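# A closer look at the structure
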Amino acid sequence: MLYLSTRGHAEQKRFCDILLEGLAPDGGLYMPVQYPQIDDAKLTALRETLQNQGYAALAFEILSLYIDDIPAEDLRALCNKTYTEAVFGTAAIVPVRQLEGQLMIEALSNGPTLAFKDMAMQLLGNLFEYELARRGEELNILGATSGDTGSAAEYAMRGKKGVRVFMTSPHGRMSPFQQAQMFSLQDENIHNIAIEGVFDDCQDIVKAVSNDHAFKAQYKIGTVNSINWARLLAQVVYYFAGYLQATSKNSEKVSFTVPSGNFGNVCAGHVARQMGLPIAKLVVATNENDVLDEFFRTGVYQVRGAAHTFETSSPSMDISKASNFERFVFDLVGRDGARLQQLFSQGVAQEGRFDLQADPAFKDAAGRYGFVSGKSSHADRLATIQDTYQRLGQMIDTHTADGVKVAREHLGAEPMIVLETALPIKFAATIEEALGHLPERPAKFDGIEALPKRVVVMPADVDQVKTYIKDHCR
Ligand SMILES: *Cc1c(COP(=O)(O)O)cnc(C)c1O
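Computed from a predicted model, the values in this text were never measured in an experiment.

### Some points on the site of the ligand
- Of all residues adjacent to the ligand, which total 15 residues, the nearest are Lys 117, Asp 148, Gly 261, Asn 262 and Asn 265.
- Between the ligand and Gly 261, the relevant distance is 2.8 Å, taken from an oxygen atom to a main-chain nitrogen or oxygen of the residue.
- Note that a nitrogen atom of the ligand is positioned 2.9 Å from one of the side-chain N or O atoms of Thr 421.
- Considered on its own, the ligand offers 380 Å² of accessible surface; in the complex 97% of this is hidden by protein.
- Across the shell around the ligand, the residue classes break down as five nonpolar, eight polar and two charged.

Set out below in structure tokens:
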């Protein structure tokens with residue numbers, strides 16, 4: 001399998017080459033040259049694989065369709081090492097449960113940091129370690145986090161050979177639980193840098209360091225952001241696992257509702273659907289930050305500035321610009337790299353928007369590709385958490401609540417699977433606001449706020465961050 005850039009100007013590459021790269025050199029995102037097709041017989045085989053051998057074996061089957069530069073036995077071993085009951089809490093890894101009627105929930109949030117990003121990041125950690133060892137190289141991952149991504153990256157990379165993580169976060173602005181999760185890690189290859197500033201300051205520092213090409217090359221700086229194709233690919237697997245658990249034969253369809261921010265999660269659903277998985281609808285659920293809902297309703301993609309990006313009680317969806325959206329638009333415009341270039345490097349980059357309202361392709365978003373959308377507010381979130389708990393006896397987190405609210409607006413005859421992207425304990429304050437009491441805490445997190453913390457505090461100063469990296473790079 002070869003990968004091309006959405007903007008059409010980069011050379012085509014194989015999986016392990018794009019694994020360690022971020023954006024393509026032309027500023028685009030990597031996509032497979034085609035989607036491998038799953039026919040009826042193959043889907044039956046995958047059903048048997050999941051039933052008889054479990055999630056890791058299913059993951060191997062899907063990944064091997066896209067990865068041909070890692071020997072099969074090595075790839076299988078990497079999947080087996082990643083998707084274990086010890087790491088993900090259940091033998092099913094992503095168990096599907098009924099909420100009510102045909103409304104179901106697929107739990108993606110039982111990994112080490114209790115959010116769905118573990119599903120991909122844990123695999124990425126093992127892939128990085130494998131590929132860096134094979135090349136005899138090292139990588140220093142520099143990132144910025146406001147919570148979920150940073151902790152998922154640190155738990156995936158801790159103790160991995162050849163990899164160091166330098167994670168910046170806004171000092172004092174993450175929840176005490178999130179801070180404890182990250183700062184209690186004592187692994188030598190994990191470095192927490194709390195920046196005296198806001199999340200944007202952290203992101204600016206990462207950008208400034210990455211734009212210093214000499215520094216970047218000398219100190220082998222890399223990233224693990226959500227545009228990495230390997231992360232997206234790992235996520236494709238749980239759409240298959242969800243479908244196979246919710247159906248008993250291949251003629252049945254299901255729909256998925258996905259709490260969305262950067263469009264990474266639901267883009268994996270799009271890939272699964274393009275491979276032939278019988279998905280009726282892909283429902284994009286946003287919070288008050290509704291750039292994506294606006295696009296799917298109107299055809300206008302209008303990114304927002306920091307002043308128009310709201311801080312909400314489903315904070316992992318507080319985005320103003322969906323970094324993976326370009327992948328879907330690439331398919332929507334018939335994989336026309338020149339058109340894509342025009343929409344993103346002129347439209348979005350220069351005018352902050354593009355408008356496909358009058359473009360015949362726009363009707364394909366819903367028609368041919370099955371996308372619909374909806375949004376949820378703080379009041380909706382509280383009401384959904386209350387109703388789900390009091391009437392149905394299940395406690396859900398704030399992001400999943402956005403999903404459940406929007407899923408109800410798009411119910412059809414087929415099963416509707418809402419992806420559970422985090423556990424309630426991560427957003428305890430809003431749960432308490434909704435229910436009047438705090439969520440239960442999984443035993444392994446008892447008392448983590450009291451553990452010793454490993455973090456350095458620094459002003460928002462690029463040179464100080466660079467010096468810190470230099471000093472801790474060997
Ligand atoms: C990251 C995240 C999301 C959004 O996922 P995207 O891939 O950015 O659309 C939703 N919920 C939770 C809990 C997250 O951590």
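### Focus on the side chain of Ser 373
- Following the sequence through the fold, Ser 373 ends up in strand S13 (residues 371-375).
- A polar side-chain atom of Ser 373 sits 2.5 Å from a polar atom in the side chain of Asp 293.
- Not counting residues up to four positions away in its chain, the partners in contact with Ser 373 are Val 284, Asp 293, Phe 296, Arg 297, Val 406 and His 410.

### Considering the UniProt feature "modified residue: N6-(pyridoxal phosphate)lysine" (unreviewed entry) in the protein chain
- In this numbering, the UniProt entry assigns the feature "modified residue: N6-(pyridoxal phosphate)lysine" (unreviewed entry) to Lys 117.
- As for its placement among the helices and strands, Lys 117 is situated in helix H6 (residues 117-135).
- Taking relative accessible area as the criterion, Lys 117 reaches 13% and is therefore assigned buried.
- Discounting chain neighbours no more than four positions away, the residues touching Lys 117 are Asp 148, Thr 149, Ala 152 and Arg 231.

### What to know about the nonpolar core
- Phe 240, Phe 263 and Phe 325 are the most contacted members of the largest nonpolar core, which has 116 residues in total.
- When residues in this core are grouped by element, the largest group, 14 residues, is from helix H11 (residues 229-246).
- Grouped together as the second largest cluster of nonpolar side chains are 17 residues, Ile 385, Val 404, Ala 407 and Val 418 included.

### Some points on the pairing of strand S10 (residues 279-286)
- Burial analysis of S10 places six of its eight residues in the buried class, which makes it a mostly covered element.
- As judged from the five bridges shared by strand S9 (residues 254-259) and S10, these two strands associate in the parallel manner. Across the sheet, residue Val 254 finds its bridge partner in S10, namely Ile 279.
- At this point the chain moves from S9, through helix H12 (residues 264-274), to the parallel S10, and the crossover so formed is right-handed.
- Inspection of the sheet shows S10 paired to S13 by five bridges, in the parallel sense. Each residue of the ladder has a partner; that of Thr 286, found in S13, is Lys 375.

### Thoughts on the sheet that holds S10
- On the basis of which strands lie adjacent, the open sheet formed by six strands has the order S3-S4-S14-S9-S10-S13 and mixed pairing. If you trace the sheet from one side to the other, it starts and ends with strand S3 (96-100) and S13, each paired once. Sheet twist, expressed as the mean angle between neighbouring strand axes with direction ignored, is 30°.
- Packed on one face of the sheet, H11 meets S3, strand S4 (103-107), S9, S10 and strand S14 (416-420) and runs near 135° to S9.

### What about helix H17 (residues 378-390)?
- The terminal C-alpha atoms of H17 lie 18 Å apart, and with 13 residues this matches the ideal 18 Å at 1.5 Å per residue to within 8%.
- Among the structural elements, S3, helix H18 (398-408) and helix H19 (428-435) are those in contact with the buried residues of H17.

### Re H6
- For H6, built from 19 residues, the straight-helix expectation of 27 Å at 1.5 Å per residue is met to within 8% by its first-to-last C-alpha distance of 26 Å.
- In terms of burial, H6 is largely enclosed, as 16 of its 19 residues are buried.

### Quick look at the sheet that holds strand S6 (residues 163-170)
- Read across the sheet, five strands follow the order S8-S5-S6-S7-S15 without closing on themselves; strand pairing throughout is parallel. Every other strand in the sheet has two partners, leaving strand S8 (221-222) and strand S15 (456-459) as the edge strands with one partner each.
- Judged from the four bridges that link them, strand S7 (residues 190-196) and S15 form a sheet pairing that is parallel. Along S15, the bridge assignment pairs Glu 196 with Pro 459.

### Topic: the environment of Pro 25
- Turning to its location among the elements, Pro 25 is positioned in the loop between helix H1 (15-19) and strand S2 (30-32).
- Spatially, the C-alpha atom of Pro 25 lies 42 Å from that of Ala 429, the residues being 404 residues apart in sequence.
- Discounting chain neighbours no more than four positions away, the residues touching Pro 25 are Ala 10 and Tyr 30.

Cut-off values and rules
Residues numbered from 1 in each chain as written. Predicted model: local features only at pLDDT ≥ 70, side-chain atom pairs only at ≥ 80, totals over all residues. Heavy atoms only, no water. Near = heavy atom within 4 Å. Polar contact = N/O pair within 3.5 Å; in protein donor to acceptor, adjacent residues only side chain to side chain. Areas by Shrake-Rupley, 256 points an atom, 1.4 Å probe, with all protein chains shown as cover. Nonpolar A, V, L, I, M, F, W, Y, C, P; charged D, E, K, R; others polar. Helix = DSSP H or I, 4+ residues; strand = E, 2+ residues; numbered from the N terminus. Contact = heavy atoms within 4.5 Å. UniProt positions renumbered as here; feature names shortened; annotations may be inferred. Buried < 20%, exposed > 50% of the residue type's maximum accessible area, 1.4 Å probe, protein only. Core = buried A, V, L, I, M, F, W, Y, C linked by side-chain atoms within 4.5 Å. Pairing = 2+ DSSP bridges. Right-handed = clockwise from strand over helix to strand, strands pointing away. Axes fitted to C-alpha atoms, helices over the stretch in contact; angles between N-to-C directions. Expected span 1.5 Å × (residues − 1).

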